[in-house]
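Residue-level structure breakdown
As a plain string of letters, each chain reads:
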2 protein chains.
Amino acid sequence: MKFSALLTSAGINIGLCVLFLSLYSVLRKQPANVRVYFGRRIAEEHGRLRGSFILERFVPSTGWIVKALQCTEEELLHTAGLDAVVFNRVLVFSIRIFSLAALLCVFGILPLHYFGQDMLHQRIPSESLDVFTIANVEVRSRWLWVHCVVLYIISIVACILLYLEYKRIARLRFLHLTSATPNPSQFTVLVRGIPKTAKESCSDVVDNFFTKYHSSSYLFHQVVYKVGKVQKIMTGAKKAYKKFKHFTDETVDQGCRTITYRCCLCGASSNSFKLLNTECEQKRGKADNVPSLNLDGEECTSAFVFFKTRYAALVASEIPQTSNPMKWVANLAPEPEDVYWSNLWLPYKQLWIRRIFTLLGSIVFMFLFLIPVTFIQGLSQLEQLQQKLPFLKGILNKKYYITQLVTGYLPSVILQIFLYTVAPIMMLFSTLEGPTSHSERKRSACCKVLTFTVWNIFFVNVLSGTVISQLNVLSSPKDIPVKLARAVPGQATFFITYVLTSGWASLSSELMQLFGLIWNVIRKYVLRMREDTEFIPSFPYHTEVPKVLLFGLLGFTCSVLAPLILPFLLVYFFLGYVVYRNQLLNVYRTRYDTGGLYWPVAHNTVIFSLVLTQIICLGVFGLKESPVAAGFTIPLIILTLLFNQYCRNRLLPLFKTFPAQDLIDMDREDERSGRIDEIHHMLHSAYCQFPDTGDVPLEKIKIIGGDEEQGSSSGESTDKEPCENPKNDLSHPTLKGLPVNRLRHAVKSITFLIRLQKRGLSSEQKSG
Amino acid sequence: MKFSALLTSAGINIGLCVLFLSLYSVLRKQPANVRVYFGRRIAEEHGRLRGSFILERFVPSTGWIVKALQCTEEELLHTAGLDAVVFNRVLVFSIRIFSLAALLCVFGILPLHYFGQDMLHQRIPSESLDVFTIANVEVRSRWLWVHCVVLYIISIVACILLYLEYKRIARLRFLHLTSATPNPSQFTVLVRGIPKTAKESCSDVVDNFFTKYHSSSYLFHQVVYKVGKVQKIMTGAKKAYKKFKHFTDETVDQGCRTITYRCCLCGASSNSFKLLNTECEQKRGKADNVPSLNLDGEECTSAFVFFKTRYAALVASEIPQTSNPMKWVANLAPEPEDVYWSNLWLPYKQLWIRRIFTLLGSIVFMFLFLIPVTFIQGLSQLEQLQQKLPFLKGILNKKYYITQLVTGYLPSVILQIFLYTVAPIMMLFSTLEGPTSHSERKRSACCKVLTFTVWNIFFVNVLSGTVISQLNVLSSPKDIPVKLARAVPGQATFFITYVLTSGWASLSSELMQLFGLIWNVIRKYVLRMREDTEFIPSFPYHTEVPKVLLFGLLGFTCSVLAPLILPFLLVYFFLGYVVYRNQLLNVYRTRYDTGGLYWPVAHNTVIFSLVLTQIICLGVFGLKESPVAAGFTIPLIILTLLFNQYCRNRLLPLFKTFPAQDLIDMDREDERSGRIDEIHHMLHSAYCQFPDTGDVPLEKIKIIGGDEEQGSSSGESTDKEPCENPKNDLSHPTLKGLPVNRLRHAVKSITFLIRLQKRGLSSEQKSG
């Protein structure tokens, strides 16, 4: 590939970027797209841009960039959570280290490469890109020490920056844990592997165990029921209701547009609520004995156990409870919003085998993915393509620009398209693993996607191979440095184009929210559906974190060997910084948070990238027969690994558990201020197995039916959905069967919904 | 190697074994050797065989074998601890699985090998041993399914037996923990990484921290002081004292033999005690102001913290205390006898780097050890040896038996001698790692020796190579199965001779206690030293466990491929069972115990052996072009690994920590029975930093000087050495400087000892 081809590619991408950014700055001002571009704001701040036709709306502007940059880290933390801050810090770290690397490499190393060998230089545009890589430096060059020094500087500065970021994020995580409003998850333990007994009910077993062994700190518990069938009915009912709602809304819309439109904005049309309530009151006491849904014999496998203090919950979660490690397994519960309910009833015994099989599954997938990648590899090597498909020869030889396009642009576009399938598949694997929280699931998917990306984009391209040649590389680890050293500078061209296409273009499309935009248009004008006020996506960390880390890997590995990539990469990171901040502030809603657990992933990847870079440089110095430079690289590798080990010892434990000291301090502070009772009260309604999201107004039924329970669901100062009181106070015999009651409520609502739907349909038939 | 050579080797070894065993049965009856062969009994049961000259003493007998076999597991547990039982179970497991394997392989597979190819069979004695290995089975033989089935049976039975043993040992460990007499270590936490403050003393810092955060359960603490210099002086003084004591004893011996002989048996000659006491009383109050030993400013890095209940101690040890994982690191303390005091003051921050460097050190040692091994390899290949040392040619060709001896016997003897250096070096590495207990140190050394043994005896011999060829194998993991499949049957001969020499002969020498016997004779008749009543060795698990496990590995890997090894191996295990039981019951003293932690090591090694066997068989089936057998082997590998993972999940956690349920039950039981106060009282004297072993009667001084302390050291019902009260009751200002007091006592005793020694020497000069 020539320099001009690179410029073509860069030109196309810069054009596309400018186009997309301008388009975005216009589109975001259109009231019709407000849900696409300001999803979070509308949902959380309940603001609404009212549109009026003025010319300004159609003029591109840069205000959003300024806004994104002006936002402080505290604001980001407040609006988008700690994970967003971590992601932001990853970008900041990348900008910092690659600014330095670009400075050093472009001005220090690039001239060395360009004038590396005695050769007749052509005009720069028609110069091959290989001239700018280390391939152009002659063997036994006396300038290789410059590479070694630059490698040292980059590695040491990267380690220092990494350490500072690690400490900073550990501190932030700590503040996040301590200064947050009382978090119910800190008082709660998720117990799994509850042993079954014939005599006692599951609830009694849990109660007896914790009353016996944690009597001083045990508060109460809430059993999680395995409700496969009922859950299915519920989901079905919800879908039916949604459909029904859509139809009635539409029909009402046609009749009295203005009024209903306003009502719908509040969440649902008001007349259906009224119907529901009155109907429900009529039905009360009737559906109490549905025979098929008697869940008394239903197996329970897990329970939320609530403790009086944070420290007691931590202790219960850290100490193995019994001499069978598969029974009474306690872990700190995820936050209420974060619970992945449908995995909670998985038998704990299954989990380890699930984990193994999903691991195997994702490895197999990683290798099977090679088929399209090999094809792409063929595209970027034009000669091979022409050999295989001879009819292309004529076309490709004639049209110069087509050749440029094919070599410079097409491969990474195709790769990009295939890569879109990876994230959902990895997410599926992570779901099968059986995590108990959404955030854990996403983080696990993130790790899988990251491994996948690094393997299939970096290594497969570098080692340019089929499955067999990959396995050959795996089977001779000794030759890896030399092989990489031969391949990486040669593949630098591909990586530069990859940065341009996958990097820049994907940022633009992320900003544009192309899918969201198109879906918005289709829904509005083709399907004529109502706006879905509830569905606001959360940030796809599992795709974006690996992407940014992969570019970091490319940057490190190419930095010393092919520094031409660095300016493009730096532009990517700057752009990413602006775009992702904007998206986090405006588009995505933070429902759950890992509490900064993406940072160790990022840290490990950067360390891996550094060590890989050093190994490749070792190979290169070996190939260039510079024993001094190679000799000096080995201690650098050891030092980097030691640094990593230090971080693992010093900082990683902070991301795994909580320190006793601070939890005890928090508990005492709460007790001193008398807030502890309030917190205990709040715990009663913290976790709901049957989440009554706004689209199914089940909570209305429950509030009505709630007077047969303790009625603690009213008068909560939190902004949570009111929920049943899960307290199983055993001294009060009438309350023992509570979960069954709850299910009966669910059944009531289902039967009612079906009736409602029938009525809705008949009214539709009347109006239609 | 021919069958007759094997028979020669076997004959020599059987002869040696019978000789050694008979010798042992005679020698053990001689009163002079009673300390060598009944060290534990004399030390613990205070019994003594009184010798009289009768003929029976010189007739070999088999009574000891019967006694060793009759001993039940409970007796073994009682006398030699859980580790001895675990070791015993490893032998039982080996006997069981190899009995089955020998039955299946010798009668099922050996004939297949012998008649594997159409060939003219010679008389069996002059048959090459290769005829009995799988090398003699023709390619695409239709009998390979038998190998596959036998492999399946052995693997499955081995897994079942492993699981049963694992469960059994887990149960035993559990009983050991719960039913033992109240163990001070269960109430104690070893805290390291105590932060230094300028204002407060270390003791105050510890006290404040635990009073603040564990107020309900914290009892008191005991600071461990960094006493490098003083410790050295103490050790020096002890040595001086020992020397002195030896001389005085000898001199007294010459004067009035009978009386002093009786006195010495009680531990020390009585007049020296008297001198010491009176002298000490005279010196009291004088040595109180030694300026060079003021330890107030001395850094303290760790402390024993005592808790009211076992559960509280467990909680404190499991939960990270502060947000700095390098500070206030708490772990359950080792048992008092087990504490490795000289490592306790190591800064916690250093440990991770020490661990890394000792790991690197042991790996380097593992590879450097190859030089002698390569030489041995040369010996077993006679042709090479003759080429290199041509002068041997004449000798070796002429004398048939020398050839047999050289090929069949010498290589493993030399290897054996070199291997004697391994255990001390690995022990040194393990000490440098910084373990806090003797048992942990020994277990760590055991793992190192095991890795070393498996690599340097199995792999290096199989891959028959120099460092470079080994590294080549490491660098192409894909070819390993095929390489092993080619090499293992070929090396079976060497392994059989190895079993005969290293196995049988080392068992005999272990039984004979050759070193101990010789040392006993030298000490008694050449050096004319007194019997050392105190020094009774503890069982060398770090050399014996790897030995037994290595033979297991050899057995598994050779079982299907070269079944001729199995009968020899089975004899080894039977003999080992008898010998080790005898030694554990009579010779070795159990001072410390890991609580069964050798079992996970053994389990992992057996699993490794099984998987290795399966991989080798996979390679062999591949070489023999039997896709069916090879295809069926792959699921077996996966199943074995899954089984291992299941054990790791289900049983391994029991070996890492204690279950809360049982600890709480024990605590309650103690509280109910009122024994808890007694236990708390016992804790005061449980841990002594300056252990006053019997040979230096420092405790006498301390008891005398102890009236300025709380005097809680008297009246203890346990059989421990009386020790100072370490309670640093801060409300009592005069007790603050206790450790300094203790050191002053030490200094007193040292100065006194030196004076005493001088006097002893002068009296010797007078008598001489």
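Chain A goes by CSC1-like protein RXW8 in an unreviewed UniProt entry, where it is assigned to Paspalum notatum var. saurae. The Subcellular location (unreviewed entry) comment attached to chain A in UniProt states, word for word, "Membrane". Entered under Sequence similarities (unreviewed entry) in the UniProt record, the comment concerning chain A runs "Belongs to the CSC1 (TC 1.A.17) family."

**Quick look at the overall build of chain A**
When you go through chain A residue by residue, the secondary structure sums to 31 helices and four strands. The buried share of chain A, taken over its 768 residues, is 42%. The contacts of chain A with a sequence gap of at least 6 include a subset with a gap of at least 24, amounting to 82%.

**Looking at the relation of the copies chain B and chain A**
Once turned by 180 degrees and shifted 0.0 Å along the axis, chain B lies on chain A with an RMSD of 0.1 Å. The relationship between the two copies is best expressed as a two-fold rotation axis. With an isologous cut-off of 70% or more, the 100% of interface residues of chain B that recur at the interface of chain A puts this contact in the isologous class.

**Here we look at the environment of Ser437 of chain A**
Relative to the helices and strands, Ser437 of chain A resides in the loop between α19 (422-433) and α20 (438-463). Each C-alpha atom, one on Ser437 of chain A and one on Pro336 of chain A, is 9.2 Å from the other, the two residues being 101 residues apart in sequence.

**Brief notes about the interface of chain B and chain A**
With 29 residues of chain B at the interface, the matching set in chain A holds 29 residues. Only α11 (310-318), α13 (348-368), α27 (627-650) and α28 (660-673) of chain B provide two or more residues apiece to the side of chain B that touches chain A. At four residues, α28 of chain B tops the list of elements feeding residues into the side of chain B that touches chain A.

**Digging into α20 of chain A**
With 26 residues, α20 of chain A should reach 38 Å at 1.5 Å per residue; the first-to-last C-alpha distance of 36 Å fits that figure. Counting buried positions along α20 of chain A gives 22 out of 26 residues, so the element sits mostly inside the fold.

**Focus on the environment of Ser430 of chain A**
Assignment of secondary structure puts Ser430 of chain A in helix α19. With sequence-adjacent residues up to four places away left out, Ser430 of chain A is seen in contact with Pro435, Arg441, Ser444, Ala445 and Lys448 of chain A.

**Considering the packing of helix α5 (residues 73-114) of chain A against helix α6 (residues 144-179) of chain A**
Between α5 of chain A and α6 of chain A, the least distance of the axes is 10 Å, while the angle of their chain directions is 170 degrees. Here α5 of chain A is positioned roughly antiparallel relative to α6 of chain A, judged by the angle of their axes.

Rules of the game
Residues numbered from 1 in each chain as written. Chains lettered and ligands numbered in written order. Predicted model: local features only at pLDDT ≥ 70, side-chain atom pairs only at ≥ 80, totals over all residues. UniProt positions renumbered as here; feature names shortened; annotations may be inferred. Helix = DSSP H or I, 4+ residues; strand = E, 2+ residues; numbered from the N terminus. Buried ≥ 20, exposed ≤ 12 C-beta atoms within 10 Å, placed from the backbone. Contact = placed C-beta atoms within 7 Å. Least-squares fit on C-alpha atoms with pLDDT ≥ 70 in both. Expected span 1.5 Å × (residues − 1). Axes fitted to C-alpha atoms, helices over the stretch in contact; angles between N-to-C directions. Parallel < 35°, antiparallel > 145°, perpendicular 65-115°, else oblique.

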